[in-house]
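Structural characterization, general
As a plain string of letters, each chain reads:
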Amino acid sequence: MSFFQYDMNIFNMDKCAWFPHQFFDIASTYLPRDIQKTFTWCEYIYFNNGPVRSATERIAQYFITEIKTNQAKSNSDNLIKILNKNKKTFLLRAVDTLVYGNSFAIVYLPFDRVLLCPKCGFEARAAKIEYLFQKYEFHTTCKCGYRGRFNVEDRKNKNPEKINMVRIDPKTIVIDSSYFSGESEYYWKIPKEIIDQIGASGSSGASHFILNSMPMNILDAIKENKNFLFNSDKIDHMKNLSIAGVSTDWGFPLYLNIIKLSFYNTILRRANETIALDFCVPFRVLSPGHTASGDPLQLYNMGAFVSEMENMIQKHRVDPATIQITPFPIQYQAFGSEKKAIDLTMEIEKNNMEMMEGLNFPMEMYKNTLTAQSFPSMLRLFENTWEHLVSGLNDSLQWYANHICDFMGWERIPVSFTKVTLADDIEKKQLLLQLASAQQVSWDNALKPYNVNFLEEQENIAKQNREMQKITEDMQKKIMEDQQISEQPQGGGPSNPGDILAQASQIAQTFLTMPYEQRRVELMNLKQNYPLLHAAVSQVMDDIRSKSRSQSGQQAMMQSGLTGPMTNPQGQIMPPGQMIPPG
């Protein structure tokens, strides 16, 4: 029995004559009748329901972890590198399984297509020569003069970078299975897009880039207009669990659970769209106001009233602050704007939650509302619920790795995704850290769940401390050198105190004859280059200015007869009327 074949007699349709049948709702008339249409419905829900799509992708991403192997072989690193390159493909396969309930994939093994002359045996790579693809045959001209159909040989190209996992659209797969043996044959209805790429009849207009990478057995199937039969070990089928009473060929599409809910969700959203269009902005009406004089229809010219109102509205749109004047009262009414009262957003949110529950997606994980109390138990239940998805991903990963090893001539090694045990690890990690602090377990074991190597980290810490100590010593040495330089005369200046004072006196006399701005600049340069000499020069200049002011005062007093004769800076008496040179 398939997912869609039911005996309608179980609903006792003849006993519902007085009332509409409760199980025959409108959504039931839209349910798909075969697996291919179900896949189309699943695609529609995935692309048109944002919350469902986001939750689906988060569930898939949760289980795509680091790829590991327990055996160290000579080509282990190369294999893990190839597998990691296709990690995104495994993520998409997990999404396919959640959406369609099924995921199909094949391995593309690279090859070089070689064309061989049937006459002389000359051979050349198809990618390096010009040829015509006619009636699904390769035609070109040989050096020996032969012109016509060439034989084709595909040779292995053992470049691991070109190995690729190719997902197959479930809508193009036909499954023929044995009820007793459980074995299945998988047929591929080659999509029309691929057939069109090489030409419906193998025309010469086919792209050489596409032809050179398409296996010959697929070209032969297109030529014969037949479905392509995969070898049992060449295709991988991941599928959801299903009960025994329905088809075991296909995995059960989870989205089938929410088709009716999605139908109801669409109705709510369409209704909310109508509400947003018609009930957000009020419908405003202007009319003549009632007065004590009588009916406004008899008092006013309605044509003039309408014209005046339209004119007022136009002025208001140009200048909202304008003041309008009207010779008659106006009545204003607003209709609608009941959106808040009839908004269906809460109903849509409830419907989204119901769909999440139908898909077995935890709302706490989708909304990021996990609490510390419920986190471990909820995640443990979640991980156990999707154990079949993890098992399918690991089987697919091993199947892919085996194909790569066989193709490259490597020894097969077991690989798997790192087990997701976040719920248990949270408690275990904290306990290990506490035990390590109490010296009950080694720090190496305590830090292993964090992917931290204790001994390597200790070496890194020691290296870091040595580098920091060296930097500190270099900085202290530099500071001491700078202090010694600042305490010593710089630029070849005098070091003897007597020489410093003599030079300072000479420089001070020169600076005092300069204009103020030039003297200020020279003093700044002297301070930067010769701090000690600058201090001495400044002191000498201050002494000269002080004596100059004192002598000027004495001269003024002598002129007024209040004091004796003036003396020069050396203490000698100066004749009356002789002035001290300006400082």
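Our subject in this report is the structure included herewith. (Residues numbered from 1 in each chain as written. Predicted model: local features only at pLDDT ≥ 70, side-chain atom pairs only at ≥ 80, totals over all residues. Heavy atoms only, no water.)

1. A closer look at the overall build of the protein
Counting its regular elements, the protein contains 21 helices and 15 strands. Out of the 583 residues belonging to the protein, those deemed buried represent 32%. By sequence separation, contacts in the protein at least 24 residues apart represent 69% of the contacts at least 6 residues apart. Within the structure as shown, the protein displays about 37200 Å² of accessible surface, and the carbon and sulfur contribution to it stands at 54%. (Helix = DSSP H or I, 4+ residues; strand = E, 2+ residues; numbered from the N terminus. Buried < 20%, exposed > 50% of the residue type's maximum accessible area, 1.4 Å probe, protein only. Contact = heavy atoms within 4.5 Å. Areas by Shrake-Rupley, 256 points an atom, 1.4 Å probe, with all protein chains shown as cover.)

2. Focus: the pattern of salt bridges
Scanning all chains against the criterion turns up 18 salt bridges. The shortest N-O distance in the salt bridge between arginine 93 and aspartate 236 comes to 2.8 Å. Within this pair, whereas arginine 93 is found in helix α4 (residues 87-100), its partner aspartate 236 is found in strand β12 (residues 235-239), the two being separated by 143 residues in sequence. Residue class for aspartate 236 comes out buried when judged on its relative accessible area of 11%. The salt bridge involving lysine 470 is made with aspartate 474; its shortest N-O contact spans 3.3 Å. Residue lysine 470 and its partner aspartate 474 are both found in helix α18 (residues 454-487); the two are separated by four residues, about one turn of the helix. Owing to a relative accessible area of 53%, lysine 470 belongs among the exposed residues under this scheme. Taking the relative accessible area as the measure of exposure, aspartate 474 reaches 40% and is therefore partly exposed. One continuous salt-bridge network, built from bridges that share partners, spans Glu43, Asp169 and Lys171. (Salt bridge = Lys/Arg side-chain N within 4 Å of Asp/Glu carboxyl O.)

3. Some words on the packing of helix α8 (residues 259-278) against helix α12 (residues 345-358)
Axis separation between α8 and α12 bottoms out at 10 Å; the angle between their running directions is 165 degrees. Classified by the angle their axes make, α8 and α12 are roughly antiparallel. Crossing of α8 against α12: the hand is left-handed. Every residue of α12 that contacts α8 at Leu261, Ser262, Tyr264, Asn265, Leu268, Arg269 and Asn272 is listed here: Thr345, Glu347, Ile348, Asn351, Asn352, Glu354 and Met355. Of the residues belonging to the contact of α8 with α12, the class tally is five nonpolar, six polar and three charged. (Axes fitted to C-alpha atoms, helices over the stretch in contact; angles between N-to-C directions. Parallel < 35°, antiparallel > 145°, perpendicular 65-115°, else oblique. Left-handed = near helix turned anticlockwise from the far one by under 90°. Nonpolar A, V, L, I, M, F, W, Y, C, P; charged D, E, K, R; others polar.)

4. So, the sheet that holds strand β9 (residues 173-177)
Strand order across the open sheet formed by three strands is β9-β10-β11, with antiparallel pairing between neighbours. This sheet does not close on itself; its edge strands, each paired only once, are β9 and β11 (228-229). Direction of pairing for strand β10 (residues 184-188) relative to β11: antiparallel, over a ladder of two bridges. Along β11, the bridge assignment pairs tryptophan 188 with phenylalanine 228. (Pairing = 2+ DSSP bridges.)

5. Focus: the packing of helix α2 (residues 50-63) against α4
The interhelical angle for the contact between α2 and α4, taken along N-to-C directions, is 130 degrees, at an axis separation of 9 Å. One way to sum up the angle between α2 and α4 is to call them oblique. Relative to α4, α2 is oriented so that their crossing is right-handed. Counted together, Thr56, Ile59, Ala60 and Gln61 of α2 and Leu91, Ala94, Val95, Leu98 and Val99 of α4 form the full contact between these two elements. Of the residues assigned to the contact of α2 with α4, the class counts are seven nonpolar, two polar and no charged.

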